[in-house]
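Next come the chains, spelled out residue by residue.
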Amino acid sequence: MCEVTEKQIKELRHKIEELSYQYYTLDAPTVSDYEYDMLYRQLEQAEKAHPEWITPDSPTQRVGSKLAGGFAKYTHDQPMLSLGDVFSDDEVREFDARVRAELRSTPIQYVVELKIDGLAVNLIYEKGRFVRGVTRGDGRVGEDITHNVRTIRTIPLRIPTTAAHVEIRGEVYMPIGSFQILNEQRLADGMEPFANPRNAAAGSLRQQDPQITAERKLAFFAYAVGGMDGLVISSQAELLQQLQTWHFQVNPEYRVFFTIEDVIDYIHTWDEKRDSLGYATDGMVIKVNAFSQQRQLGNTVKIPRWAIAYKFPPEQVKTQVADISISVGRTGVLTPTADLKPVSLAGTIVKRATLHNEDYIAEKDIRIGDTVIIQKAGEIIPEVVRAITSVRTGSEQVYRMPTQCPSCGKMVVRVTGEAAIRCVNPACPAMIAEQVIHFTSRQAMNIDGVGDALVRQLLEHQLIRDAADLYTLQKEQLLSLEGYGEKAADNVLGAIEKSKVVGLGRVLFALGIRFVGAKTGQVLAEHMGSLAGLRKATEEELMVIPDIGPRTAKSVVSFFHDEENQRLVDKLVRAGVQMTVPEKMVINHTFVGELVVVTGKLASFSRKAAEQAVVLRGGSCSSTVTKKTTLLVCGSDPGSKYDKAKKMGVPIIREEEFQARLQDE
């Protein structure tokens, strides 16, 4: 690209920040995704050419390096108090009576906000620049999760204020759409799904790798401040308006009321409406609006006296377990599901509820024919709360998990230490169907138009036996299926042909190797470079790759040593599926052949920028020092990596020498 100035880079950052705010916070994009991507790429290239101008608040720095060790503790400047809970209208009225008794004849306004079911976080800004994100913790001491908070697109990295120090508090949450996609992916990877969006958000924020957090599509609603040097705001309603002008996402459903009866009426308008929201809520927060009155009311040791949380009761209904059925997943796991007498729950008709595994059924003593209480876990997933044993008639049947696979009839096994019961027959029809469905899925080969129904049709008519057979399908075969005409058949064949060039990383994920998700597939592909190299790799060779642990390494080696899997991969190669890795952009070859670890605090740029500079010059980077490490780039406070590199005789250079090498073009 043409030479750019530092001023032009700053202007480009500002433009991208504004477009991100319009897209992620306002949900009102003003340019196409392509135009945004081109601007973002332009900024990336400009910063690669000038790493000395990269700043922590640049849009390119939202995803940082993987953390080493746990999260550092951080003491809040002002405690993050929890709210007292109430569960009835009378308790809300009692709260109002206490407030009015304390404030006497002073007029009172209340602000009522939806209580978002997520994780409370404190964001710290200095002179308008985001510098730290901290969990609530115990209210006084939280965990520093700055690297992960930076990945959340609805959190601005800069705000238009000159205040020396501002703490913005709010809730990190996972939208229901993101939650459902994540759980589908975890099930596809043979992992337990998250119980609810709150657990998913909390688990995502505590990831050691910010890239994983970024992929989870978290969001943030701002609703409070901690310390705020140099700012004068008089009320909660005024604060929410100020937060919006600073480009924070503020939940739009807040209202201001003068009487507690109006507050109660508003709360109950959400009894049914809350089921239609795109995020999980578990109540309403009622706050005295004026900050002067909040200060007058004060706090107890744990909770404010000027606010309460009205908790929605979980909607529970009675129904009957008509039967318990078993599904077989692509990894062979047998999952029991309660087939229920249909019942309306939280706005939907519920007919089934997962029973997870054998231990879950035994622990809750759920029997066929039982009358049970069900609710939606996190208001999303139907779950059986308990069986009503007092109404049993004696006709209920104790359920036993099958000893044979319901699909293929082969004996099933339960590995010691695991809750899952598995079919281990590689020719099991149910497993094959799920494997092919996974192979065609969006994050795998992304074969548009080849979904569950078509896969099952193809297997039923014996037109395919495995995923590789998709690439030998003929138009005449598709036309023989019910519902497929010329155009539909052409579209399917075109999508299959297009999938041949998705690259090795996605192929590895599509193959369904246990513990190899979409990201791990890309990591394996980039570091091994080819299918041939991966097929010959040992567990020890794989474990030196960042993010590849013993469990994954063992699974990959075992997969490629299996004769049936080898046959499948060979069929894919013969069909023309490309097992290649797209070439990385390289501006010179300064670090060709080098495996570099960057450690410590760098003065001129972030660790991620330093690693990008290495990759752009032909090298590779790792987060751990091993026998394959060829160079350690060392900033201040390097820690244990420096000691380990020195002990192993790994060459070590300081930041000044690293910068000199970057300039040696």
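Sequence positions are assigned chain by chain, starting from 1 and proceeding in written order. Under the rules for a predicted model, residues below a pLDDT of 70 receive no local features and side-chain atom pairs below 80 are neither given nor counted, while totals for whole chains, interfaces and linings still include all residues. Only hydrogens and water are set aside when side-chain values are computed; all heavy atoms of the structure are taken into account.

In terms of domain boundaries, the protein breaks down into domain 1 (6-53), domain 2 (84-311), domain 3 (316-414), domain 4 (429-499), domain 5 (504-575) and domain 6 (595-663). Here the bounds of each domain stem from an automatic or database domain assignment. Distance between the C-alpha centres of domain 2 and domain 6: 40 Å.

Another point: the pattern of salt bridges. Basic side-chain nitrogens of Lys or Arg form a salt bridge, by our definition, when they fall within 4 Å of a carboxyl oxygen of Asp or Glu. Applying the stated criterion across every chain, the model contains 33 salt bridges. Between R414 and D359 there is a salt bridge, with the nearest N and O atoms lying 2.8 Å from each other. Of this pair, R414 sits in the loop between strand 19 (412-413) and strand 20 (422-423) while D359 sits in helix 12 (residues 358-364), and the two are 55 residues apart along the sequence. Each residue's exposure class comes from its accessible area (1.4 Å probe, protein chains only) as a fraction of the maximum for that residue type: buried when under 20%, exposed when over 50%, partly exposed otherwise. Look at D359 and you get partly exposed, because its relative accessible area is 36%. Between D365 and R392 there is a salt bridge whose closest N-O contact spans 3.2 Å. Pair noted here: D365 is in the loop between helix 12 and strand 15 (367-368) and R392 is in the loop between strand 17 (381-387) and strand 18 (397-398), with a separation of 27 residues, a long-range link. Each of the salt bridges in this network shares a partner with another, and the network as a whole consists of R465, D466, D469, E564, R567 and K571. Segments assigned H or I by DSSP are reported as helices when at least four residues long, segments assigned E as strands when at least two residues long, and all are numbered from the N terminus.

Even without being a glycine, H356 presents a positive backbone phi close to 65 degrees. Looking at the secondary structure, you find H356 in the loop between strand 14 (348-354) and helix 12. Although it is not a glycine, D365 sits at a positive phi angle of roughly 50 degrees.

A word on the nonpolar core. For this analysis, a nonpolar core means a set of buried residues of the types Ala, Val, Leu, Ile, Met, Phe, Trp, Tyr and Cys, connected via side-chain atoms within 4.5 Å. With 55 residues, the main nonpolar core has L470, Y471 and L542 as its most contacted residues. Taken together, the elements giving at least two residues each to this core come down to helix 13 (429-440), helix 14 (452-460), helix 16 (486-498), helix 17 (504-510), helix 18 (518-528), helix 19 (531-536), helix 21 (550-561) and helix 22 (563-574). Looking at this core, you find at least three residues from each of domain 4 (429-499) and domain 5 (504-575). Note on contacts: a residue pair qualifies if any of its non-hydrogen atoms lie within 4.5 Å across the two residues. The residues contacting L470, other than those within four sequence positions of it, are V436, F439, T440, I447, V450, L458, I464 and I496. If you look at the next biggest cluster of nonpolar residues, it comprises 36 residues, including V149, V166, L182 and A237.

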